[in-house]
Amino acid sequence: MLRRISTKLVVAVLLTVVLPFVVFAVFINEQMGDRLTRHVVQQALMGLVKDLGGQIDYFIDERHQDLDLWSNAPSINLALDDDLFEQRMLERARVEGGDPESGGPPWSAASVALLARGRMGSGDLDVGSQARALFTSELDRYVARKAVYDVLLLIADDGRLVTCSSRTPEGEPLSFELLECLFLTDFSREEWFQRTLDEERIIGVDHHTSPYRIYEAPPDEDQAWNYHVGFAAPVRESNSGAVRGVLYGLVNWKFIQDIVAAPVVKDAFRGLVKPPEEPSPYSWIWASDGDTILGHPKRSLYYKSVSKDLGLPQMVEAVRENRAGWGLYPEYTFLGEEKNAAFRRCAVQDGFSWVVGVGIDNDDIYATAEELSDLLLGGTAFVLVMATLWTFVIARRTTGPILELQRYTRRVAEGDLDAQVDISSRDELGHLADDFNAMTRELKAQRGRLVKAEKDAAWREMARQIAHDIKNPLTPIKLSLDLLERVRRNGDPNADEILDRTTELMQRQVENLREIAADFYEFTGGRKARPGRVDAGELLDEVLHLHDAWAVEKGVQMQRAGRGGLVNADVGKLRRVLVNLVSNALQAMPNGGELFADVDPEGDEVVIRIRDTGTGISEDVREHLFEPYFTTKGEGTGLGLAISKRVIEELHGSITLEPAPWDEAREGRGTLATVRLERLDETPSAAPGEVPTEPGPTGPEQGSEQVDGEGPGTS
Ligand code: ADP
Ligand code: MG
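These figures come from a predicted structure and were not determined experimentally. (Residues numbered from 1 in each chain as written. Chains lettered and ligands numbered in written order. Predicted model: local features only at pLDDT ≥ 70, side-chain atom pairs only at ≥ 80, totals over all residues. Heavy atoms only, no water.)

A closer look at the overall build of the protein
Next, step 1: When helices and strands are counted, the protein shows 18 helices and 18 strands.
Next, step 2: Per-residue burial for the protein yields a buried fraction of 44% across its 715 residues.
Next, step 3: In the protein, once contacts between residues fewer than 6 apart in sequence are set aside, the share between residues at least 24 apart is 68%.
Next, step 4: Of the roughly 37,700 Å² of accessible surface on the protein, a fraction of 55% belongs to carbon and sulfur atoms. (Helix = DSSP H or I, 4+ residues; strand = E, 2+ residues; numbered from the N terminus. Buried < 20%, exposed > 50% of the residue type's maximum accessible area, 1.4 Å probe, protein only. Contact = heavy atoms within 4.5 Å. Areas by Shrake-Rupley, 256 points an atom, 1.4 Å probe, with all protein chains shown as cover.)

Comments concerning the coordination of the magnesium ion (ligand 2)
Next, step 1: Within the protein, the magnesium ion (ligand 2) binds to N580 (OD1) and N584 (OD1); these donor distances fall in the range 2.3 to 2.4 Å. Note that N580 and N584 are positioned in helix α15 (residues 571–587) at a spacing of four residues, about one turn of the helix.
Next, step 2: Relative accessible area serves as the criterion here: at 18%, N584 is assigned to the buried category. (Donors = N, O, S within 2.8 Å, 3.2 Å for Na, K, Ca; no water.)

A word on helix α10 (residues 362–413)
Next, step 1: Between the first and last C-alpha of α10 there are 72 Å, a value that for 52 residues agrees with the 76 Å anticipated at 1.5 Å per step.
Next, step 2: Most pronounced at T368, the bend in α10 amounts to some 30°.
Next, step 3: G415 sits one or two residues past α10 and shows a positive phi near 110°. (Expected span 1.5 Å × (residues − 1). Bend = angle between axes of the 7 residues up to and from the residue.)

Examining the sheet that holds strand β15 (residues 593–602)
Next, step 1: With respect to topology, five strands assemble into an open sheet ordered β13-β15-β16-β18-β17, the strand pairing being mixed. In the strand order of this sheet, the two ends are held by β13 (556–561) and β17 (654–659), each with one partner. Ignoring strand direction, the axes of neighbouring strands in this sheet form an average angle of 15°.
Next, step 2: Bridge analysis of β15 against strand β16 (residues 605–612) gives eight bridges, and the strand direction is antiparallel. (Pairing = 2+ DSSP bridges. Axes fitted to C-alpha atoms, helices over the stretch in contact; angles between N-to-C directions.)

Focus: the sheet that holds strand β5 (residues 243–252)
Next, step 1: The five strands lie next to each other as β2-β1-β5-β4-β3, forming an open sheet whose pairing is antiparallel. Looking along the sheet, the strands with just one partner apiece sit at the ends: β2 (161–164) and β3 (203–209). Across the sheet, the axes of successive neighbouring strands diverge by a mean angle of 20°, strand direction being ignored.
Next, step 2: Inspection of the sheet shows strand β1 (residues 149–156) paired to β2 by three bridges, in the antiparallel sense. Of the residues in β2, the one forming a bridge with I155 is L161.
Next, step 3: Sheet strands touched by helix α4 (residues 130–146): β1, β2 and β5. Its angle to β2, the strand with the most contacts, is close to 50°.
Next, step 4: In the packing of helix α6 (residues 191–199) onto the sheet, the strands contacted are β1, β3, β4 (227–236) and β5, and the crossing angle to β5 comes to about 135°.

Description of the pattern of salt bridges
Next, step 1: Considering all chains together, one arrives at 38 salt bridges under this definition.
Next, step 2: In this structure, the salt-bridge partner of R344 is D57, at a minimum N-O distance of 3.7 Å. Of this pair, R344 sits in strand β10 (residues 337–346) while D57 sits in helix α1 (residues 5–71); the two residues are 287 residues apart in sequence, bridging distant segments of the chain.
Next, step 3: Taking the shortest distance from any N to any O, the salt bridge between R508 and E504 comes out at 3.8 Å. Linking R508 with E504, this pair stays in helix α12 (residues 495–523), spanning four residues, or about one helical turn.
Next, step 4: Linked through salt bridges whose partners overlap, the residues forming this network are E62, R63, D66 and K146. (Salt bridge = Lys/Arg side-chain N within 4 Å of Asp/Glu carboxyl O.)

Let's talk about a nonpolar patch on the surface
Next, step 1: Together, F382, L384, V385, M386, L389, W390, V393 and I394 give the surface a local cluster of nonpolar side chains, amounting to about 750 Å² of exposed area.
Next, step 2: With respect to the element layout, F382 can be found in helix α10.
Next, step 3: Of the residues examined, F382 reaches a relative accessible area of 54% and is grouped as exposed. (Patch = residues over 30% accessible without salt bridge, like charges linked within 9 Å, V, L, I, M, F, W, Y side chains within 5 Å.)

Quick word on a negative patch on the surface
Next, step 1: A cluster of acidic side chains, namely E338, D363, E370, E371 and D374, defines a negative patch on the protein surface.
Next, step 2: Of the residues forming the negative patch, the biggest block, four residues, is contributed by α10.
Next, step 3: For E370, the position within the fold is in helix α10.
Next, step 4: On the basis of relative accessibility, which here comes to 49%, the residue E370 falls in the partly exposed class. (Lys, Arg positive; Asp, Glu negative; His and termini not counted. Charge placed at Lys NZ, Arg CZ, Asp CG, Glu CD.)

Observations concerning the site of ligand 1
Next, step 1: Around ligand 1 lies a shell of 20 residues, among which N584, T631, T632, K633 and L641 are the nearest.
Next, step 2: Within the side chain of T671, one N or O atom sits 3.2 Å away from a nitrogen atom of ligand 1.
Next, step 3: In the complex, the protein chains occlude 92% of the 540 Å² of accessible area that ligand 1 would expose alone.
Next, step 4: Taken together, the elements giving at least two residues each to the shell around ligand 1 come down to α15 and α17 (640–650).
Next, step 5: Looking at the shell around ligand 1, the element that brings in the most residues is α15, giving three residues.
Next, step 6: Across the shell around ligand 1, the residue classes break down as seven nonpolar, eleven polar and two charged. (Near = heavy atom within 4 Å. Polar contact = N/O pair within 3.5 Å; in protein donor to acceptor, adjacent residues only side chain to side chain. Nonpolar A, V, L, I, M, F, W, Y, C, P; charged D, E, K, R; others polar.)

Structural notes on the nonpolar core
Next, step 1: Among the nonpolar cores identified, the biggest contains 54 residues, and I56, I60, L154, W253, I256 and W354 are the most heavily contacted of them.
Next, step 2: In terms of residue count, α1 provides more of this core than any other element does, eleven residues in total.
Next, step 3: Apart from residues no more than four positions distant in its own chain, I56 is found in contact with I256, I259, V260, I285, C346, A347, W354 and V356.
Next, step 4: By size, the runner-up hydrophobic cluster in this structure holds 45 residues, among which are V543, A569, V606 and I655. (Core = buried A, V, L, I, M, F, W, Y, C linked by side-chain atoms within 4.5 Å.)

Re the packing of aromatic side chains
Next, step 1: One pass over the structure, following the stated rule, counts 17 aromatic pairs.
Next, step 2: Ring plane angle 70° and centroid distance 6.4 Å describe the contact between Y329 and Y332, whose orientation is recorded as edge-to-face. The pair Y329 / Y332 is uniform in exposure class, with both members buried.
Next, step 3: Chaining the aromatic ring pairs together yields one cluster made of Y282, W284, W286, Y329, Y332 and F343.
Next, step 4: Stacked on the ring of F255, the Lys or Arg K254 has its end atom at 5.6 Å from the ring centre.
Next, step 5: When the ring centre of F626 is taken as reference, the NZ or CZ atom of K645 above it lies at 5.0 Å. (Phe/Tyr/Trp six-rings, centres within 6.5 Å; stacked < 30°, edge-to-face > 60°. Lys NZ or Arg CZ within 6 Å of the ring centre and 35° of its normal.)

Given below as structure tokens:
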């Protein structure tokens with residue numbers, strides 16, 4: 001797999017760069033979501049919920065201050081005095097007139113009507129009502145200024161309404177029916193009224209539906225409009241300090257709910273999600289029981305029980321068990337969303353002890369982490385792709401020239417020394433290519449020189465060999481001529497006999513020279529072969545016959561066997577092969593011996609075997625037998641077997657020389673020469689190219705015998 005440099009490079013880069021990158025990305029992905037973001041978000045939730053609770057506390061505080069300030073205003077006592085005065089007047093009228101029916105509402109119906117029309121303080125009222133009217137307009141001013149009170153009531157210690165604000169915060173007059181109802185109410189039956197008188201302090205009246213509904217919730221507004229909290233402050237006699245009435249302010253719940261519904265809840269987490277998306281956080285208010293929902297963005301959940309209706313008892317439990325009044329809810333699932341949330345108790349001093357909570361979807365918490373990890377993974381993928389691509393490009397640019405070099409190296413190896421690499425890069429590979437080209441040029445030049453040197457050497461060797469081989473027969477010829485000269489000069493009586501012997505010797509030497517010339521001629525290629533039908537048996541007989549005299553001379557017995565066989569060959573060339581084999585055999589038996597020659601058809605081959613009982617061939621000699629110029633003889637050319645092999649192979653046959661089987665009688669081996677040739681059909685047809693067997697141009701190798709100094713003619 002890693003067989004290519006480019007692959008190795010890519011793998012190396014992936015392992016060293018990309019792998020750690022991916023591991024890092026996965027690690028960040030794992031760790032960041034939980035450890036970083038969730039923790040930070042939880043802290044933010046806690047901070048937010050603390051802030052919201054603080055705002056509610058502050059809002060409640062402000063109401064306390066309002067009531068405290070207003071209940072101590074000097075005009076409030078005047079109004080109460082005014083009321084007391086009127087009560088006395090009415091009492092007296094009742095006693096004097098004895099008319100119990102003339103009691104009626106504390107204010108005349110006319111006055112209430114005026115109140116309803118918003119015309120209090122216009123001077124149309126009875127003298128006795130002047131102070132109350134003035135205070136009424138003061139209450140109206142309070143309502144208008146603070147804008148959170150639906151109505152302010154001044155109640156006498158007997159539970160009768162003395163006066164009240166007459167307009168809504170928006171300045172609309174209150175309805176006559178409402179006012180009439182208020183004036184007819186006996187507040188002494190209210191628990192908060194009694195408590196205010198008893199405890200002589202400002203009492204908070206928890207979240208409730210007010211019986212004095214100032215107005216219905218405007219359409220499309222949430223139900224918070226229909227709920228209220230109340231604040232009741234004791235009013236004291238300016239001199240004695242005794243409590244003589246109650247100032248009651250009815251605050252619409254909407255304003256408290258607005259605090260927790262403020263945009264800050266979402267804004268605080270806006271960074272967590274991508275812009276068009278709204279962050280999920282919202283907040284809520286639960287009652288002091290930590291269970292009943294008082295405020296929630298979902299209006300339908302008002303007054304629902306968290307533990308029962310919402311099925312989240314673990315949240316209620318968490319709030320109830322928490323002593324600090326501030327903390328985190330356990331993670332929970334609401335409407336299929338996993339969430340984290342924090343809570344805080346607030347307005348504890350009034351006994352309201354509401355629970356403000358802020359929750360957020362886990363999706364939002366992890367959105368940033370997910371976005372970051374997406375970015376990281378995207379970045380990793382990008383780095384991966386880029387790294388791989390670049391590595392491939394670099395690897396290509398690196399291995400390209402190497403492959404080019406490899407290709408040219410092969411061409412050079414195949415002998416094409418004209419190959420020149422074309423690599424333009426100026427780096428080490430460029431230098432290598434330059435060196436390669438220089439090397440090829442040098443190689444080419446060297447080869448030229450080498451070929452020339454080899455040619456010269458071959459010619460020299462050839463010339464040396466020829467000169468050497470020709471010199472041998474020339475010496476006896478020269479000696480013979482000298483002898484003849486001497487005989488003629490001296491007039492030797494045996495001149496005739498000597499002349500005959502010398503002539504015969506010279507003829508043999510000339511024959512030998514002819515033989516040597518023929519060998520060299522044959523070795524250089526010789527004449528063109530003229531194949532024809534040859535009876536190998538007849539040819540072998542002829543060759544043996546030629547060697548008869550020599551064999552007798554050497555004391556060698558020649559035996560001929562076999563049925564013979566027809567082959568397709570150039571008879572002259574085949575004769576030369578057989579002559580060489582027979583004379584090699586005879587030369588190998590300087591002290592006499594036996595020569596077995598046989599020709600037999602074997603399958604579709606004709607096999608010629610010539611075995612001697614001579615010196616045999618050593619392993620060393622055997623290796624070089626067929627090499628030209630290889631000879632172990634002082635006067636041999638070493639061409640005989642080389643020529644034979646070529647001739648036989650041209651006929652698609654084979655020639656081998658091997659140690660002969662062990663000869664018991666002689667306790668020796670000798671040599672066995674085997675020639676195998678393709679066999680021709682026995683039925684002879686007069687082929688046009690047929691050359692009849694004729695006596696060869698060469699005689700037995702008597703020359704060498706002479707030169708070797710073995711023959712009888714040696715002088
Ligand atoms: P040459 O006869 O001129 O030496 P050859 O090619 O005919 O050249 O033979 C090569 C060599 O092979 C001989 O010198 C000799 O050593 C060896 N050889 C050939 N035939 C025989 C044989 N019958 N017995 C032993 N050695 C042989
Ligand atoms: Mg020979």
